[in-house]
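# Examination of the molecular architecture
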Amino acid sequence: MTLVAIILATLAAGIGSVWVAALLMGLGGNRSPGMMPQRLLSLAAGALLATAFMHLLPEAFESEAGAHDLFVTLLVGLVFFFLLSKAELWHHGHEHGAPPAHEHDHHEHHDHQGHAHDHSHGHHHGHRHGGWAVLTGDSVHCFGDGVLIASAFMADMRLGLIAAVSVLAHEVPHHMGDIVVLRQSSSNRRVALIKVSMAGAVTTLGGIGGYFLVGQLQELLPYFLAVASSSFIYVALADLIPQLQKRLSARETVAQVGWLMLGIVLVTVVSRAAHAH
C-alpha cells in the first residue's frame, strides 16, 4: 500500500508539475516572465518552509534519535546542498563558458537595483542551447525529490502527501523554465513538453528506489527526514526567496507575502485533510 501511494504521489509531483507548468504558461500566453512565476515562487517557498519546519523536522525529533545528532544532520545537509549547487554552477560555467567579469558585475548591479531575473532565466542562464544538459540535471534533481517523498511516506502517509504537494509546488516554476529553454532549442513545443515530462517521471524512479533504501535502513529514517528538511529549507532560502528580493510596489509586496502565506496555509490544509481521512 505504501509503495502504491509513493508511486502515485511521485507521478503527481513529477509529471503533474510539468503539466501544471505548461497549463499556466498557456494561460499566460506562453510567457514565463511576469508576476505569475513570482507568485508561484512565493507559494512554493511558503510550502517548502512549512513542510520542513512544521512536519518533517517535528516528525524526526519525535523519534528516539538525539536532538544533537539530528541538528548535525540538518547542518551537514545544508552544507551538502550548498556544495552541490556550487558544483553545478562551476560545471555549467566551464561547459558553456562563464560570462566575463564585467558582465557579471553588471548583472549583480542590475539585480541590486531591484530588477532580478525571473526564475526561469536565472536558473537556466547559459543553457539556451543546452537542452539535454538541462534535462540531465533536471532528471537527477527529480530522482532526489522522489527519494525525499519516499522517506516522508515511510515515516507517515500524511507526511508523504504533504511532501509530495510541496515538491509539486516548487517544481512548477522550475519546469516553466525548463520548457522555455527546450522550446528555444526545438521548434516542436509538444516534443519539449514530452522531454520535460520524461525528466519529471524520474521522480517515480527515485520514489521506488527510496522505498527499498529506506525500508532496509528503517532506523535511519529520522536522519532521512532531517536531510529532506535541509533540502526543502535550502531550496526555499537559497534559490526561491532570493529571486523575490526585488523592489516592488506596496501592492505587489503585499501580494507576494500573501502568496507566501498561502503556501503555508496550503500545507496546513492538506495536513489536516489527510489526518482527518
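Residues numbered from 1 in each chain as written. Predicted model: local features only at pLDDT ≥ 70, side-chain atom pairs only at ≥ 80, totals over all residues. Heavy atoms only, no water.

Put simply, the rule is: UniProt positions are given in the numbering used here, feature names are shortened, and annotations may be inferred rather than shown by experiment.
An unreviewed UniProt entry annotates the protein chain as ZIP family metal transporter originating from Delftia lacustris. Within the UniProt record for the protein chain, the comment given under Subcellular location (unreviewed entry) is "Membrane".

### Quick notes on the overall build of the protein chain
This is how it is decided: Strands are runs of DSSP state E lasting at least two residues, helices are runs of H or I lasting at least four, and both sets are numbered from the N terminus onward. Exposure categories follow from relative accessible area, calculated using a 1.4 Å probe and restricted to protein chains: below 20% of the type maximum is buried, above 50% is exposed, and the middle band is partly exposed. Between two residues, a contact is recorded if the distance between any of their heavy atoms is within 4.5 Å.
Helix and strand counts for the protein chain come out as ten helices and zero strands. The order of α-helices and β-strands along the protein chain, N terminus first, is α-α-α-α-α-α-α-α-α-α. Buried positions account for 43% of the 277 residues belonging to the protein chain. Of all intrachain contacts in the protein chain linking residues separated by at least 6 positions in sequence, the fraction that spans at least 24 positions is 87%.

### Examining the environment of G66
Checked against the element boundaries, G66 lands in the loop between helix 2 (35-61) and helix 3 (67-96). When the C-alpha atoms of G66 and P222 are compared, they prove to be 9.7 Å apart, with 156 residues separating the residues in sequence.

### A closer look at the pattern of salt bridges
Opposite charge on two side chains permits pairing when their charged atoms draw close. As a reminder, the rule being used: In what follows, salt bridge is the name for a side-chain nitrogen of Lys or Arg lying within 4 Å of a carboxyl oxygen of Asp or Glu.
All told, the structure shown has one salt bridge when counted by the stated rule. With a closest N to O distance of 3.8 Å, D156 and R158 form a salt bridge.

### What to know about the UniProt feature "transmembrane region" (unreviewed entry) in the protein chain
UniProt feature "transmembrane region" (unreviewed entry): in the numbering of this structure it lies at residues 6-28, 40-58, 70-87, 192-214, 220-241 and 253-274. Secondary structure content for residues 40-58 is 100% helix and 0% strand, while the C-alpha to C-alpha distance between its ends is 26 Å.

### A word on helix 8 (residues 189-216)
For clarity, the cut-off: Here, expected helix span is obtained from the residue count minus one, scaled by 1.5 Å.
With 28 residues, helix 8 ought to run about 40 Å at 1.5 Å a step, and its terminal C-alpha atoms sit 42 Å apart, in line with that. Listed as buried for helix 8 are A192, V196, S197, A199, G200, V202, T203, T204, G206, G207, G210 and V214.

### Some points on the nonpolar core
Rules: To form a nonpolar core, buried Ala, Val, Leu, Ile, Met, Phe, Trp, Tyr and Cys residues must be joined to one another through side-chain atoms within 4.5 Å.
Residues L48, L56, I149, F153, L225, F232 and L240 are the most contacted members of the largest nonpolar core, which totals 44 residues. Of all the elements in the fold, those that place two or more residues in this core are helix 1 (2-27), helix 2, helix 3, helix 6 (131-155), helix 7 (157-185), helix 9 (221-240) and helix 10 (250-276). Tallying contributions element by element places helix 2 first for this core, with eleven residues. Setting aside anything within four residues of it in sequence, one finds L56 in contact with T51, A152, L159, L225, A228, S229 and F232. With 14 residues, the next largest nonpolar core counts A21, L40, V172 and I179 among its residues.

### Side note on helix 9
Helical geometry note: an α-helix holds 3.6 residues per turn, so side chains three or four residues apart project in the same direction. For helix 9, spanning 20 residues, the distance from its first C-alpha to its last is 27 Å, which sits close to the expected 28 Å at 1.5 Å a residue. Counting buried positions along helix 9 gives 15 out of 20 residues, so the element sits mostly inside the fold.

### Notes on the packing of aromatic side chains
What counts here: Whether two aromatic rings pair depends on their centres lying within 6.5 Å, for rings of Phe, Tyr and Trp, where Trp uses its six-membered ring; planes under 30 degrees apart make the pair stacked, over 60 edge-to-face, and the rest tilted.
Inspection of every chain in the model, using the stated rule, returns three aromatic pairs. Ring geometry for F61 versus F71: centroids 5.1 Å apart, planes at 50°, classification tilted. Placement of F61 in helix 2 and of F71 in helix 3 is noted, with a sequence separation of ten residues between them.

### Things to note about the side chain of S230
Our working definition: Any pair of nitrogen or oxygen atoms within 3.5 Å is treated as a polar contact; in protein, a donor-acceptor pairing is required on top of that, and neighbouring residues in sequence qualify only through side-chain atoms on both sides.
Among the structural elements, S230 can be located in helix 9. Polar contacts involving the side chain of S230 include one to the main-chain carbonyl oxygen of V227, which spans 2.6 Å. Among all residues touching S230, those that are not within four sequence positions of it are L74, G77, L78 and F81.

### Digging into a nonpolar patch on the surface
Under the convention used in this document: In this scheme, patches are assembled from residues that exceed 30% relative accessible area and form no salt bridge. Like charges are connected within 9 Å, while nonpolar side chains (Val, Leu, Ile, Met, Phe, Trp, Tyr) are connected within 5 Å. Using a 1.4 Å probe, the Shrake-Rupley method yields the accessible areas, and only the shown protein chains count as cover for residues.
A cluster of nonpolar side chains, L75, V79, F82 and L83, forms an exposed patch at the surface whose accessible area comes to about 380 Å². Considering the arrangement of structural elements, one finds L75 in helix 3. L75 gets classed as exposed once you look at its relative accessible area, which sits at 54%.

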